[in-house]
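Below, each chain spelled out in residue letters.
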Amino acid sequence: MDIMYVDKDSGRMEMKNTKTAIIWLSLAHLFADVYSGFLNPIMPFIAAKLGFSMAIATVVISISHICSSMMQPIFGFFADNILKRFFIFWGLILASLFIPLTPAAPNIQTLLLFMILGSLGGSFFHPQAMGFVNYFAGKECPTTMGVFMSMGSLGFAFGPLLAALITQVLGLDMISYTSIFGLLLAAMMFFFVPKLSKIEKKPCHKAFIKSFKDILGNRQMNYLILIAMMKSLVTNSSCILLPFLWKSMNCSPFYIGFALFLFVFAGAIGSFLSPHAERIFGSKPVIYFSMWATFPMMILFGFIHKSHPSLALCVFFIIGFTTMLAQPVTMVWAQRILPEYKSIVAGFINGFCVGVIALCMSVLGSIAQKFGIMNVLIVLSIIPAVSSYFVRYLKDTEKV
């Protein structure tokens, strides 16, 4: 569906405003995920400052991920039933205001409060933003979604680098001043992202229980949710656990931030190239490769991360690329299956799956502390490879 506006002077249909809206939504995605990326590299240093262990720190981060992820399908439901931009604006405002305040928290209770409020911002923003992108992109949805998601990955890549650089050069508490950039962008979006009410009829109200039954009762959606969950298992466990491994090796905050930057930046490249790979090889091969390739790479990383750290970073870069390569393919496939639930589906694929893994991470922190971080990561990378078996049951998108 192409969404157009009528130029009042010429009477011609124009696409200019929709393209502008996509640009601003992508910029907002970049900034929202920059703030989300702040937490992983600096958490070992916040833990040292407030005096709690890695096991507790993983629980704290897990709570943050649960708040930013598990609630996304619910907020997606409300976003699908309104045409206002409420969740996009307030999502960016909450994320940009409260996440930068976390390093300045005087105790763990305040830290949790700031993290929960900031993380809810991400939960607000993502489902409605992805629903809007789907509306505005029309027939160009696969390519546009790839660009939109790669912008988020870029933000999540630069977030650790920026937070680590500020921490090392200016000090942990100075991160709080970065809030101003997100707040300014939220104000700009008010003028440049149009209301859907100008171009869409008011949607038929969808019953809450029926919506979730339609989604969770769809076997194809269940397979896609499983696939998204398995990819999230690798990315989340790597981003949360490896900073503690590097800190134990006496790596600087900047080194940790740079390593996470490489990982997620590679994922951004993967997301950007995903639609092109899909056109050349097909959807299923891209997903198969994404789920299988991580396992041998993680084993190699485990063998060389101490003896050849520079080479290990190159391998870590490849892991990020392969893991996130299938992300846009999975999202667009899911939205095509149930197009009437664009925002809720986005909430499940982009959010709920991450939240489920975050619940697991609250336990995995203690396991990693006992059995070793690298051992746990290698075992975890086997699970997506085995789960790729279910890709065979996915129907081709053109047949959905």
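The next thing to look at is the overall build of the chain. A count of helical and extended segments in the chain gives 17 helices and two strands. Across the 400 residues in the chain, those meeting the buried criterion constitute 58%. In the chain, once contacts between residues fewer than 6 apart in sequence are set aside, the share between residues at least 24 apart is 86%.

Attention shifts here to the packing of helix α13 (residues 294-304) against helix α17 (residues 373-387). α17 packs onto α13 with a crossing angle of 170° between their chain directions and a minimal axis gap of 8 Å. Classed by the angle they form, the pair α13 and α17 counts as roughly antiparallel. On the side of α13, the interface is formed by Thr294, Phe295, Met298, Ile299, Phe301 and Gly302, while α17 contributes Met374, Leu377, Ile378, Ser381, Ile382 and Ala385. Class assignment for the residues of the contact of α13 with α17 results in nine nonpolar, three polar and no charged.

Our next topic: the nonpolar core. Counting residues in hydrophobic clusters, the biggest one holds 122 residues, and the most contacted among them are Leu25 and Phe301. Considering each element in turn, this core owes the most residues, 17 residues, to helix α10 (residues 219-248). Contacts of Phe301, omitting those with residues within four sequence positions, involve Leu242, Trp246, Ala312, Val315, Phe316, Ile319 and Met374.

All chains considered together, the criterion is met by three cavities of 30 Å³ or more. Taken as a whole, the largest cavity spans an internal volume of roughly 750 Å³. As for the largest cavity, its lining consists of 36 residues, and the residues nearest its centre are Phe156, Asn236, Gln327, Asn350 and Val354. The element best represented in the lining of the largest cavity is α10, accounting for six residues.

For the rest of this paragraph, the subject is the confidence of the model for the chain. A residue-level look at the chain finds 89% of positions with pLDDT of 70 or above and a mean pLDDT of 81. Mean pLDDT in the chain bottoms out at strand β2 (residues 13-14), which sits at 40, and peaks at α13, which reaches 93. Of the regions scoring below 50 in pLDDT, residues 1-16 engages in 29 contacts with residues more than four places distant in sequence or in other chains.

Next up on the list: α10. When the terminal C-alpha atoms of α10 are compared, their 44 Å separation across 30 residues agrees well with the 44 Å that a helix rising 1.5 Å per residue should span. The largest bend in α10 comes to about 30°, at Leu241, with the proline Pro243 one to four residues further on. The element α10 is largely enclosed, with a buried count of 25 among its 30 residues. Measuring from the backbone nitrogen of Gln220 back to the side-chain oxygen at the start of α10 gives 3.0 Å, which picks out Asn218 as the cap. Where α10 ends, the next residue or the one after it, Asn250, has phi of about 65°, a positive value.

Turning next to helix α3 (residues 54-69). Working note: α-helix, 3.6 residues per turn, so residues spaced by three or four point in the same direction. When the terminal C-alpha atoms of α3 are compared, their 22 Å separation across 16 residues agrees well with the 22 Å that a helix rising 1.5 Å per residue should span. Of all 16 residues in α3, twelve are buried; the element is thus mostly enclosed.

This part is about the pattern of salt bridges. For the structure shown, the criterion picks out two salt bridges. For Asp214, the salt bridge identified is with Lys210, shortest N-O distance 2.8 Å. Residue Asp214 and its partner Lys210 are both found in helix α9 (residues 208-216); the two are separated by four residues, about one turn of the helix. For Asp214, a relative accessible area of 27% gives the class partly exposed. When its relative accessible area of 48% is taken as the criterion, Lys210 is described as partly exposed.

What follows concerns a nonpolar patch on the surface. Taken together, the side chains of Leu165, Val169, Leu170, Met174, Tyr177, Phe254 and Phe258 present a nonpolar region at the surface, about 690 Å² in accessible area. Of all the secondary-structure elements, those providing two or more residues to the nonpolar patch are α7 (141-169) and α11 (253-281). By the element assignment, Leu165 lies in helix α7.

Note that Leu101 resides in the loop between α5 (86-98) and α6 (108-137). For the pair Leu101 and Gly118, spaced 17 residues apart in sequence, the C-alpha separation works out to 9.0 Å.

With that settled, the discussion passes to the packing of aromatic side chains. Summed over all chains, the structure comprises 17 aromatic pairs. Seen from their ring centres, Tyr389 and Tyr393 are 5.8 Å apart, and the 75° between their planes marks the pair as edge-to-face. Ring pairs connect the aromatic residues Phe158, Phe254, Phe258, Phe261 and Phe265, which therefore count as one cluster.

Attention now goes to the packing of α13 against helix α14 (residues 309-324). It is at 9 Å that the axes of α13 and α14 come closest, and there the two elements cross at 160°. If you check the angle between α13 and α14, you find them roughly antiparallel. Relative to α14, the crossing made by α13 is left-handed. Only Pro309, Leu311, Ala312, Val315, Phe316, Ile318, Ile319, Thr322 and Thr323 of α14 make contact with α13, whose side of the interface consists of Thr294, Met297, Met298, Leu300, Phe301 and Ile304. Tallied by class, the residues present in the contact of α13 with α14 amount to twelve nonpolar, three polar and no charged.

One non-glycine residue, Asn250, adopts positive backbone phi at about 65°. Tracing the sequence through the fold places Asn250 in the loop between α10 and α11.

Basis of the calculations
- Residues numbered from 1 in each chain as written.
- Predicted model: local features only at pLDDT ≥ 70, side-chain atom pairs only at ≥ 80, totals over all residues.
- Heavy atoms only, no water.
- Helix = DSSP H or I, 4+ residues; strand = E, 2+ residues; numbered from the N terminus.
- Buried < 20%, exposed > 50% of the residue type's maximum accessible area, 1.4 Å probe, protein only.
- Contact = heavy atoms within 4.5 Å.
- Axes fitted to C-alpha atoms, helices over the stretch in contact; angles between N-to-C directions.
- Parallel < 35°, antiparallel > 145°, perpendicular 65-115°, else oblique.
- Nonpolar A, V, L, I, M, F, W, Y, C, P; charged D, E, K, R; others polar.
- Core = buried A, V, L, I, M, F, W, Y, C linked by side-chain atoms within 4.5 Å.
- 1 Å grid on protein atoms, 1.4 Å probe; cavity = no way out; pocket = protein on both sides within 12 Å on 5 of 7 lines; lining within 4 Å.
- Points joined across faces, edges and corners; volume = space filled by probe spheres on them.
- pLDDT = per-residue confidence, 0-100.
- Expected span 1.5 Å × (residues − 1).
- Bend = angle between axes of the 7 residues up to and from the residue.
- Polar contact = N/O pair within 3.5 Å; in protein donor to acceptor, adjacent residues only side chain to side chain.
- Salt bridge = Lys/Arg side-chain N within 4 Å of Asp/Glu carboxyl O.
- Patch = residues over 30% accessible without salt bridge, like charges linked within 9 Å, V, L, I, M, F, W, Y side chains within 5 Å.
- Areas by Shrake-Rupley, 256 points an atom, 1.4 Å probe, with all protein chains shown as cover.
- Phe/Tyr/Trp six-rings, centres within 6.5 Å; stacked < 30°, edge-to-face > 60°.
- Left-handed = near helix turned anticlockwise from the far one by under 90°.

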